[in-house]
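Listed below, chain by chain, are the residues.
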Amino acid sequence: MNIETLPKPVVAAVQAAPAYFDLEKCLQKVEEYTKKAKAEGADLVVFSESFIPGFPTYVHMLAPMDQHALFMKFAQSSIEIPGPAFQRLQQIARDCRVFLSVGITERAPKQSLGVLWNTNVIFDRNGNMIARHRKLLPTWSEKLAWAFGDGSTLNVHDTEIGRIGALICGENTNSLAKYALISQGEQIHISTYPACFPTSRTPSKGQPYIDTLIVRACSMSYEGKVFTAVSSQALDEEGFEVLADGRQDLRDLLDKLTFGGSMIVSPAGLVISDTIKDNKEGIAFAECDLSQIITQKSIHDIAGSYQRMDVFHFGIDKSVLRPVHVKGDGSLGCCEEFYPFEMEDDCEDM
């Protein structure tokens, strides 16, 4: 990238409500909002955590033995890579000529039907998948829905609009995960969240959820000198009904919660877009002039001139975790299909 002509991409952070467990309607909504963002000049369009098929907030509210029916629907409406729904996302990026980032629940190949990952996929303007990040560690009771990711997807990706990386929800509070991307030269950071995150049957009147997201985003941007695009999900009436699972006590709990927000933050740690909040749908836009990073890093670069690499030592294990290692005649084994050996080989137009 020529430092004298750094790009100024317009980034769009979408806040929208998914159509729970309805793959077709979720895809239609991605297309609708991507077209809206493109019409406003967006180069990169970002959707929230597990937008397809909706974030499984029920895992925090129902006992494990009461989740089986919902998990079945969740798994059945998740996405295989490659597959028809995945190809639809590719087509949306290609038709709109944008970089497209979407939070999905990814389903493992058929030989392991119960395995799902909380995944963020990014496509380029030609519909090629350039990134697939699986959440390293599902947060709290999310472990009832998603398997662990691994270091092979903790990457930054060089594109014509800048070096892009992504972390999902609680990963944005993991100092080492953040530094892993900063140290790889990240310039545009994608940060995705659910609409709400219940942790108690009696929610406190403390800091609203949106304020915690602002703190995380401003911290990431200020520490790493990156632009951060925050996309939080919204809940519509259908979503409330799905998550309450027919129980009035759970509906009452959901009504007491505070909700997240969506925004763009500058390398100086300042919110530079409108903030979409109060569980409303909308798009936050901002031009991200990458040249702003230079001045900020000249002052405080924690992966460069403001780092004591002789004192601190940091490493990333990018090995792919596999359930079995097969030695044989060289034909493709199920473990290779389950966990692709190299992400780069898996990112071409499918």
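Notes on the structure in this doc start here. (Residues numbered from 1 in each chain as written. Predicted model: local features only at pLDDT ≥ 70, side-chain atom pairs only at ≥ 80, totals over all residues. Heavy atoms only, no water.)

## Some words on the sheet that holds strand S5 (residues 129-134)
One open sheet holds the six strands; their spatial order is S5-S4-S3-S2-S1-S11, and the pairing between them is mixed. Bordering the open sheet on either side are S5 and strand S11 (282-287), each of which pairs with just one other strand. Strand-to-strand twist in this sheet, taken as the mean axis angle between neighbours without regard to direction, amounts to 25°. Of the pairings in the sheet, the one linking strand S2 (residues 44-46) to strand S3 (residues 99-107) comprises three bridges and is parallel in character. Across the sheet, Val46 pairs through a bridge with Ser101, a residue of S3. Running at roughly 175° to S3, helix H3 (residues 84-96) makes contact with S3, strand S4 (116-123) and S5 of the sheet. (Pairing = 2+ DSSP bridges. Helix = DSSP H or I, 4+ residues; strand = E, 2+ residues; numbered from the N terminus. Axes fitted to C-alpha atoms, helices over the stretch in contact; angles between N-to-C directions. Contact = heavy atoms within 4.5 Å.)

## Observations concerning the pairing of strand S7 (residues 162-168)
S7 sits mainly inside the fold: six of its seven residues count as buried. Summarising the sheet, strand S6 (residues 157-159) and S7 pair through three bridges and their orientation is antiparallel. Counterpart to His157 in the pairing with S7 is Ile164. Linking two consecutive strands that pair antiparallel, namely S6 and S7, is a turn of two residues. (Buried < 20%, exposed > 50% of the residue type's maximum accessible area, 1.4 Å probe, protein only.)

## Describing unusual backbone geometry
Omega for the bond connecting Ile52 with Pro53 falls within 30 degrees of zero, at 5°, which places this linkage in the cis form. Residue position: Pro53 is located in the loop between S2 and helix H2 (68-76). Cis geometry marks the peptide bond from Ile81 to Pro82; its omega dihedral reads -5°. One non-glycine residue with positive phi stands out, namely Asp278, at about 60°. Following the sequence through the fold, Asp278 ends up in the loop between strand S10 (263-265) and S11. Non-glycine residue Asn279 carries a positive phi angle of around 60°.

## Details of the nonpolar core
Counting residues in hydrophobic clusters, the biggest one holds 30 residues, and the most contacted among them are Val30, Phe47, Ile52, Leu89, Leu100 and Val102. Secondary-structure elements contributing two or more residues to this core are strand S1 (10-15), helix H1 (23-39), H3, S3 and S4. When residues in this core are grouped by element, the largest group, six residues, is from H3. Once you skip the residues sitting within four places of it in the chain, Leu89 turns out to touch Leu27, Val30, Ile52, Ile79, Leu100, Val102, Ile104 and Phe123. Residues Met61, Ala75, Leu116 and Phe259 belong to the second largest nonpolar core, which totals 25 residues. (Core = buried A, V, L, I, M, F, W, Y, C linked by side-chain atoms within 4.5 Å.)

## Some thoughts on the side chain of Ser262
Note on placement: Ser262 falls in the loop between helix H7 (248-256) and S10. Here the side chain of Ser262 touches Gln15 through a polar contact of 2.8 Å, side chain to side chain. One polar contact links the side chain of Ser262 to the main-chain amide nitrogen of Ser232, over a distance of 2.9 Å. If we skip the residues at most four places from it in the chain, Ser262 touches Ala13, Val14, Gln15, Val230, Ser231, Ser232, Asp274, Thr275, Ile276 and Ala284. (Polar contact = N/O pair within 3.5 Å; in protein donor to acceptor, adjacent residues only side chain to side chain.)

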